Amino acid sequence: MMKKRIVGVIGLGHVGAHVAYALAVQGIADELILVDQKEQKLASEVQDLRDAAAYLPHRVTVRAGDFADLGECDVIVNSVGKIELLETHDRLTEMDFTIPAVRSYAHKIKESGFDGVLINITNPCDIVTRELALGVGLPRGRVFGTGTGLDTSRLLSALARQTGIDHKSITCYMLGEHGSQQFAPWSCVSFKGMPLDKWAVTRLNTLIEKVFAAYDNYEFHVVSHMINDFCVVELSSFYLDII
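Asks: Quick question: what am I supposed to make of helix 5 (residues 149-163) here?
Replies: An α-helix turns once per 3.6 residues; consequently, residues spaced three or four apart project the same way. In a regular helix each residue adds 1.5 Å, so 15 residues correspond to 21 Å; helix 5 covers 21 Å between its end C-alpha atoms and thus fits that length. Of the residues trailing helix 5, G164 is marked for its positive phi of about 80°.

This is the structure:
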C-alpha cells in the first residue's frame, strides 16, 4: 500500500487558509492536518475544505489537529502571523509577535517526532526560518523559507506586463532578504534567452522595419506614434529605468 502524502499547516489566517486550499485543490497531499490556536476558526476552515473536497477529482482528507499530530507529516508549512502588524509596511515589526509564537511551539513540533521538511512563510521570513531551524533541530537542508520566491514572481509579472513578453519566456530573480533589503540582479535577467541590452537592440531593429514599412505606405502619422511609443514606453519607462 502506498504511503499517504501528509502535509500539516500551522496557522489558518489569510495565508495559511489559502495554502491549505491550494494543497487540497491541486492534489498535492492525500491528507491535511490543520493547526490553529483559534478553535472556531480552525473548525470553520476544516469544514470548508471538506465541503470543497466533495467535488474534487481526487481524494483528500482534511482534519483539525494539534502539534502532537504533526509527527505524521511529510511536510509542514508554518504560516503563523498577525496581519494587523503589516500596517507599518515593515515586515520586521511582525517579529515581536512571530518570534515568541514560534518559540512557544517549535519544541512541540520536535517532540511530535516530525522528521520531514519544514517550509516557513511567516514574516520576517529569514529570521523566523532560522528560529525554526534552531528550535526544531532537523538536519541541515530540511528547513526552508520561501524567501524572495514571491518577490521573484512579482518581478516576473511586472516585466511580462511591461514588455508584452510571456512570463514563461522571462528569467529573473530577486535576491536578498524578503523585505526592504532585497534587490534584482539585472545582469541575470533575460528575455527569450537574451540579456536586457540585446533585447533592446532587437526591439529597435523591429521598430526600424516597421518604420520603413510605414514610410513605404506614406503612413507618416504611424511612424510618429511608433517612435514616440518606443522612446517613452520601451526606452524611458522600462529600459532606461533599469540601467
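Asks: Any chance you could explain the packing of aromatic side chains here in plain terms?
Replies: Describing an aromatic ring pair means giving the distance of the ring centres and the angle of the ring planes. Per the counting criterion, the structure on display carries four aromatic pairs. With a centroid separation of 4.9 Å and an interplanar angle of 15°, the aromatic rings of F67 and Y105 are classed as stacked. In this pair, F67 is assigned in the loop between strand 3 (61-64) and strand 4 (75-78) and Y105 in helix 3 (residues 95-111), connecting sequence segments 38 residues apart. For F67, a relative accessible area of 13% gives the class buried. Taking the centre distance of 5.2 Å and the plane angle of 35° together, the rings of F191 and W199 count as tilted. For F191, a relative accessible area of 0% gives the class buried.

Asks: Would you explain the pairing of strand 4 in this entry?
Replies: Two faces, one strand: in a regular strand the side chains alternate between the faces of the sheet. As judged from the four bridges shared by strand 1 (residues 6-10) and strand 4, these two strands associate in the parallel manner. By the bridge assignment for strand 4, I10 is matched with N78. Pairing of strand 4 with strand 5 (residues 117-120), which is carried by four bridges, proceeds in the parallel orientation. The residue of strand 5 that forms the bridge with I76 is L118.

Asks: Looking at this model, I keep getting lost on the pairing of strand 3. Mind explaining?
Replies: Strand direction decides the pairing type here: strand 2 (residues 31-35) and strand 3, joined by four bridges, are parallel. Note on strand 3: the bridge partner recorded for E31 is T61. In the classification by handedness, the crossover that spans strand 2, the intervening helix 2 (residues 39-53) and the parallel strand 3 is right-handed.

Asks: Would you take a moment to explain the sheet that holds strand 3 for this structure?
Replies: Whether parallel or antiparallel, the strands of a sheet pair through hydrogen bonds between backbone atoms. Reading across from one edge, 3-2-1-4-5-6 is the order of the six strands in this open sheet, with parallel pairing throughout. Of all strands in the sheet, those with a lone pairing partner are strand 3 and strand 6 (143-145), marking the two edges. When the angles between neighbouring strand axes are averaged without regard to direction, this sheet yields 20°. Bridge analysis of strand 1 against strand 2 gives five bridges, and the strand direction is parallel.

Asks: Where do I start with the pattern of salt bridges in this structure?
Replies: Think of it this way: side chains of opposite charge can pair up when their charged atoms draw near. Here the structure, examined in full by the defined rule, presents nine salt bridges. One salt bridge connects E31 with R63, and the closest N-O pair in it is separated by 2.5 Å. Taken as a pair, E31 in strand 2 and R63 in strand 3 lie far apart in primary sequence, 32 residues in all. By relative accessible area, which is 4% here, E31 ends up buried. Exposure remark for R63: the relative accessible area of 22% places this residue in the partly exposed category. The salt bridge involving D151 is made with R154; its shortest N-O contact spans 3.7 Å. Here D151 pairs with R154, and both are found in helix 5, just three residues apart, close to one helical turn.

Asks: What am I meant to see in the sheet that holds strand 8 (residues 190-191) here?
Replies: Strand order in this open sheet of three strands is 7-8-9, and the pairing throughout is antiparallel. The open sheet is flanked by strand 7 (170-171) and strand 9 (194-195), the only strands paired with a single partner.

Asks: Teacher, can you tell me more about helix 4 (residues 125-136) here?
Replies: End to end, helix 4 covers 16 Å across twelve residues, agreeing with the expected 16 Å (1.5 Å per residue, within 8%). On its buried face, helix 4 sits against strand 4, helix 3, strand 5 and strand 6. Of the residues flanking the end of helix 4, it is G137, one or two places downstream, whose phi is positive at about 75°.

The rules we used
Residues numbered from 1 in each chain as written. Predicted model: local features only at pLDDT ≥ 70, side-chain atom pairs only at ≥ 80, totals over all residues. Heavy atoms only, no water. Helix = DSSP H or I, 4+ residues; strand = E, 2+ residues; numbered from the N terminus. Expected span 1.5 Å × (residues − 1). Phe/Tyr/Trp six-rings, centres within 6.5 Å; stacked < 30°, edge-to-face > 60°. Buried < 20%, exposed > 50% of the residue type's maximum accessible area, 1.4 Å probe, protein only. Pairing = 2+ DSSP bridges. Right-handed = clockwise from strand over helix to strand, strands pointing away. Axes fitted to C-alpha atoms, helices over the stretch in contact; angles between N-to-C directions. Salt bridge = Lys/Arg side-chain N within 4 Å of Asp/Glu carboxyl O. Contact = heavy atoms within 4.5 Å.

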